[in-house]
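As a plain string of letters, each chain reads:
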Amino acid sequence: MTEIIQVRNLYKSYWRDSIEIPVLNNINLNIKEGEFIALMGPSGSGKTTLLNLISGIDKPSRGEISVNGTDISKLSESALAKWRSSNIGFVFQFYNLIPVLTAYENVELPLLLTKLTKAERRQHVETALNIVGLGDRIDHYPKQLSGGQEQRVAIARAIVTDPIILVADEPTGDLDKNSASEILTLMERLNKEFNKTIVMVTHDPHAASKAHMIRHLEKGDLILEAV
Amino acid sequence: MKILKLIFKNSMRHKLRTSLTVLGIAIAVIAFGVLRTVVTAWYSGVDAANPNRLIVRQAVSFIFPLPYSYLEKIKQVPGVKQVTYANWFGGIYIDQSNFFARYGVDADTYFNVYNEYNIPPDELSTFKKERNSCILGSDLAKKYHLKIGDVMTLEGDIYPGTWELAVRGIYTPKYKTTDAMQMFFHWDYIDERMRVEMPGREGDVGWYVVLINNAANSGSISNQIDALFKNSPAETKTETEGTFQQGFIQSSSAIITSMNFISFVIIGIIMLVLGNTMIMSARERTREYAVLKTLGFSGKHLAGIIMGESLVISILGGLLGLLLTYPIVEGFSQFIPKGMFPVFEVKTITVVLAVSAALLVGIIAALFPMQRALRMKIVEGFRFVG
């Protein structure tokens, strides 16, 4: 398997007033295509920051991030936005669905940026919703769905553009045990059946156990590698 | 789904807030429309002025008369087609609350110079023959239930005494801007009584109205007329009818300026109302904007969504306000004394200004939240706690 994500000497810090706060220190990480890896660590260890950098929603202070052959640390904001829309699917802890849009419309959102026709968009959306098992809920609004269903809609939105990588930030953090289990099963399926490379941030050891690999972060350092 | 649908759904997300904002804009547009209508009504006399007519008045003040002897001299000025004259009578009809314009005019020439009054030829002919007769505007006749043959009694103030005038004609206005609340009678009738009752005031003319062949020559003809009476006891000031009317409006300029100012203050207020709504909406949606950016929507997309939402609200408010402005102006006109404004209606310019103001408000109100959305970093958006 080829390495789809390569992180080299990554350093990230934030500035609060005139004080520099380092978040990630000299991170080096390789992730192969089709891998499912979990990033674990205590709060403030830099897990989410690393995920944000890998997915191109934040920029490193120093270092390189190459994803699928593109050095995303060098892309402009607009190029990065375009790159994200076709390469990365996002799953958030709190689903982040647009409340005024139906499940169908939420999943359709990323496709509005493509040149697909309405019929093609419909086909993609229905396929994605069927994969997550919500083909019969397309006209439901988020408030009419359970937390687990909302997260499944969010996953459908993440896969509707058929990205090569899925990034998930605490995808089960807001769910009960059963719903969390369903989501993890779905993610495993996306990884195995659809060969999606998944990078997941979690606090939950049970969720992390579904991954092929676990990376631990502590105070901005990648400290432990386990299989 | 299109982005437009998202914009519309966003606009209706907080129905009560959106409804109140739309209502606020509508009320402001109504206030703007009514004020602008009053201002345009004030200027309607100027707009309706005939450029071929000049007004010759006393140079010191309009209230001082000119000698009747000027008539023949003015007629001789090259480019002058016809000359007529008139006096402001003033007076009281029934009681002081019944205000309308009353003029003593030269019966033979006045309606040749002022062709905007449609008078049946037989009525005009009878009027010209009877010295104590009068012609009324159709609205005036309607208001006081007057008909041909009725006698109106005026109590004079500028010209003291009781004046009885038989209604011999009723004119209808040729144009919308023509005032149908006026009364005309014979200047000669006033002059005869002045000669007997107040010697020294005979031959007094309030002003002359000069019809000229070519409006382009109004300046030179005015100068020539004024030059005729230079250094006389009654020097003249000649100006176009439009300028003359403008001069009248100048006396109310403080009120009109205030109205103009207030109408634009109202625009400022609705801008703040909508701006506040848009800032609140955008703040609440900071996280959603971060999500949209994460999905690949650019800052320009977000700016378009915010601008669209602001415009939807401002246009809805503007349209509602405009629709209500018409019946409200109509209702308002019922309370304005007849004859105060010949035309009191919502003008096209008022509609254009109100629509432009609503659009402008929509655009300006969106600028700050747009700028915020454009600058917002995704990670900051996710961290935002509203």
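Residues numbered from 1 in each chain as written. Chains lettered and ligands numbered in written order. Predicted model: local features only at pLDDT ≥ 70, side-chain atom pairs only at ≥ 80, totals over all residues. Heavy atoms only, no water.

For the rest of this paragraph, the subject is the overall build of chain B. On a plain count of helices and strands, chain B comes out with 14 helices and 13 strands. The C-alpha atoms of chain B give 30 Å as radius of gyration, which overshoots the globular expectation for 386 residues (21 Å, by more than 25%). Dimensions of chain B, computed from the C-alpha atoms along their principal axes, are close to 95 × 45 × 30 Å. Burial status across chain B gives 50% buried among its 386 residues. Considering only residue pairs separated by 6 or more positions, chain B has 80% of its internal contacts joining residues 24 or more positions apart. Accessible area of chain B: about 18000 Å², with a carbon and sulfur share of 62%. Between the centroid of the 38 positive side chains of chain B and the centroid of its 31 negative side chains there is a distance of 20 Å. (Helix = DSSP H or I, 4+ residues; strand = E, 2+ residues; numbered from the N terminus. Rg over C-alpha atoms; globule rule 2.2 N^0.38 Å. Buried < 20%, exposed > 50% of the residue type's maximum accessible area, 1.4 Å probe, protein only. Contact = heavy atoms within 4.5 Å. Areas by Shrake-Rupley, 256 points an atom, 1.4 Å probe, with all protein chains shown as cover. Lys, Arg positive; Asp, Glu negative; His and termini not counted. Charge placed at Lys NZ, Arg CZ, Asp CG, Glu CD.)

Turning our eyes to something else, we now look at the domain arrangement of chain B. Examined at the domain level, chain B breaks down into domain 1 (2-45 + 253-383) and domain 2 (60-234). One C-alpha centre belongs to domain 1 of chain B, the other to domain 2 of chain B; they are set 48 Å apart. (Domains from an automatic or database assignment.)

Here we take up helix α13 (residues 348-375) of chain B. Residue and element names in this part refer to chain B. Along its 28 residues, α13 runs 40 Å from first to last C-alpha, staying within 8% of the 40 Å computed at 1.5 Å per residue. Roughly 40 degrees is the biggest bend found in α13, and it falls at leucine 367, with proline proline 369 one to four residues downstream. By the burial criterion, the buried members of α13 are Thr350, Ala354, Ala357, Ala358, Val361, Gly362, Ala365, Ala366, Pro369, Met370 and Ala373. (Expected span 1.5 Å × (residues − 1). Bend = angle between axes of the 7 residues up to and from the residue.)

What follows concerns empty space enclosed by the protein. Evaluation of the coordinates by the stated rule reveals five cavities of 30 Å³ or more. Considered as a void within the structure, the largest cavity measures approximately 70 Å³ in volume. Lining the largest cavity, in full, are Arg84, Ser85, Ile88, Gly89, Phe90, Pro110, Arg157, Ala158 and Thr161 of chain A together with Thr294 and Leu295 of chain B. Counting residues per element, the ones that place at least two in the lining of the largest cavity are α2 (77-87), β6 (88-91) and α5 (147-159) of chain A. Sorting elements by how many residues they give to the lining of the largest cavity places β6 of chain A first, with three residues. Each residue belonging to the lining of the largest cavity can be placed in one class, and the counts come to five nonpolar, four polar and two charged. (1 Å grid on protein atoms, 1.4 Å probe; cavity = no way out; pocket = protein on both sides within 12 Å on 5 of 7 lines; lining within 4 Å. Points joined across faces, edges and corners; volume = space filled by probe spheres on them. Nonpolar A, V, L, I, M, F, W, Y, C, P; charged D, E, K, R; others polar.)

Here we take up the interface of chain B and chain A. The interface of chain B with chain A comprises 22 residues on the first partner and 24 residues on the second. Here chain B meets chain A over a buried area of about 2100 Å², counting both sides, of which 67% is carbon and sulfur. With a shortest N-O distance of 2.6 Å, lysine 5 of chain B and glutamate 105 of chain A are connected by a salt bridge. For the pair chain B and chain A, the number of links is eight residue pairs in polar contact (both at pLDDT 80 or more). Among the elements of the structure, α1 (3-11), α11 (286-294) and α14 (378-383) of chain B are those that each provide at least two residues to the side of chain B that touches chain A. Per element, the largest residue contribution to the side of chain B that touches chain A is six residues, and it comes from α11 of chain B. Residue composition of the side of chain B that touches chain A, by class: 10 nonpolar, four polar and eight charged. (Buried area = accessible area lost by both parts, 1.4 Å probe. Salt bridge = Lys/Arg side-chain N within 4 Å of Asp/Glu carboxyl O. Polar contact = N/O pair within 3.5 Å; in protein donor to acceptor, adjacent residues only side chain to side chain.)

So, about unusual backbone geometry. Residue and element names in this part refer to chain A. Phi angles above zero are rare outside glycine, and asparagine 26 is one such case at about 45 degrees. With respect to the secondary-structure elements, asparagine 26 resides in strand β2 (residues 19-32). A positive phi is found at asparagine 195, a non-glycine position, where the angle reads about 55 degrees. Relative to the elements of secondary structure, asparagine 195 occurs in the loop between α6 (177-193) and β8 (197-201).

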